[in-house]
Amino acid sequence: MESVASRYKEQLTLLREKGVISVYVYRHFMKRGLKVLKPSKDLGLHHLGEILPEIIVGASSEYVGMMKVPYQATSYVAARAQPTGNASYIYKISGKPGGGVLDLTGGTKKLGDSVFASTHRILLGANAMMVSADNLSVNREHIWNWKFFGNAIKQSHPEVYEDLAKLWAKMGENSVFYQIVIARSDKTFRRLKLVDLYQKGQIKILDPKNVVRVIFLTNESGYDYFSKFVPESDLIDYVTTGKEFDIYSAMIKVRRLFDISVILNDGGRVMSNSVRDLGILGEERVTLEPYPGNQFIPSGESIEPGSILGIEGIGIDGGEIQNGIRIHSTRIGDEAANVYLYPLNEELCIA
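These numbers were taken from a predicted model, which means no experiment stands behind them. (Residues numbered from 1 in each chain as written. Predicted model: local features only at pLDDT ≥ 70, side-chain atom pairs only at ≥ 80, totals over all residues. Heavy atoms only, no water.)

Visitor: Can you explain the overall build of the protein? Please cite residues and give values.
Guide: Helix and strand counts for the protein stand at 16 helices and 13 strands. Projected onto its principal axes, the C-alpha coordinates of the protein cover approximately 60 × 50 × 45 Å. Residue burial in the protein is summarised as follows: out of 351 residues, 53% are buried. Here the analysis covers contacts within the protein between residues at least 6 apart in sequence; of these, 72% occur between residues at least 24 apart. For the protein, the exposed surface amounts to about 15900 Å²; the carbon and sulfur share of it is 50%. (Helix = DSSP H or I, 4+ residues; strand = E, 2+ residues; numbered from the N terminus. Buried < 20%, exposed > 50% of the residue type's maximum accessible area, 1.4 Å probe, protein only. Contact = heavy atoms within 4.5 Å. Areas by Shrake-Rupley, 256 points an atom, 1.4 Å probe, with all protein chains shown as cover.)

This is the structure:
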């Protein structure tokens, strides 16, 4: 049986021969390599392995070790927005609480997305997860870990849940976990009233009893304002980038000061796109859902452009994600757990 790595190299070679990708992109992806984990064979996690026979990360450990910024991945669930025709996939529904994410999966948390998202949190977010301050404000009652998704299947698929717990014990339990929050300036802190929320004890990751290490990425004005109320401590750190906020400079410091080599970017589409456009976002992991039904996504209504995650045929390789290459897909019932890669700017990424 042909290996994942062999299929990947053949895919890149074919794209290069067709002129779809440049020599630079071809060489870059070949140099990056892949990390392949087989839960059943490598870890004895047979129930998890039945659902995800192979888990793919779009860069080898050797490549990540050469980087001077953390390797970043992001993840989403997206639903087909209409029952027939050329498919658009949306990742949110405007005007609904929480972006209507539960409607994307037909009003229930489904097995495929719950398992795929849990493994993201364990394998790519074991050391650090990054969110925007806006995301923190909306989800202030949550702590970002694999159980956020895994608990949805704890009763229905207890054996799979146990395997996820074992995977966490093997991969992440001994890691120092950081929650990274981007607040570009004092204006961000003020607009979101984060001081008020903190003083009322409403931000769970800032409650010392939860023992979450938090790094705020901000500029000088953000530090001067917020650190008066939330001072540096054993659990709170700040990374500042001068008068203007600079995400690249912040990532350099995060890698150097905290030895964070991989980040799961969970900050939302605007934030992840800005990191992608800079050339320092490595991959996107998406659970594609079938059309959930007219009661969840009315088929006759126009789609708001800002809700679209992907459209069939717009990817570099003809896939769904613009500027991305789909390198792996696992069918889980009527769901598809997909991995897409973005080219990295090696002038910025490699030490």
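Visitor: Could you give an account of the pairing of strand E7 (residues 213-218), naming the residues involved and the relevant values?
Guide: Among the six residues of E7, five are classified as buried, and the element is accordingly described as predominantly covered. Inspection of the sheet shows strand E6 (residues 178-182) paired to E7 by five bridges, in the parallel sense. Bridge pairing in E7 places Val-181 opposite Phe-216. Where E7 lies against strand E8 (residues 236-240), five bridges are found, and the strand directions are parallel. What sits directly across from Thr-218, in E8, is Thr-240. Between the parallel pair E7 and E8, the chain is carried across by helix H13 (residues 220-226), and the sense of this crossover is right-handed. (Pairing = 2+ DSSP bridges. Right-handed = clockwise from strand over helix to strand, strands pointing away.)

Visitor: Break down helix H15 (residues 269-278) for me, with residues and values.
Guide: For H15, every residue scored as buried is listed here: Arg-269, Met-271, Ser-272, Val-275 and Arg-276. Each buried residue of H15 lies within a common arc of 165 degrees when the element is viewed along its axis, so the set occupies one face. For H15, exposure combined with an orientation more than 90 degrees from the buried face picks out Val-270 and Asp-277. Where H15 ends, the next residue or the one after it, Gly-279, has phi of about 100 degrees, a positive value. (Arc of directions from axis to C-beta.)

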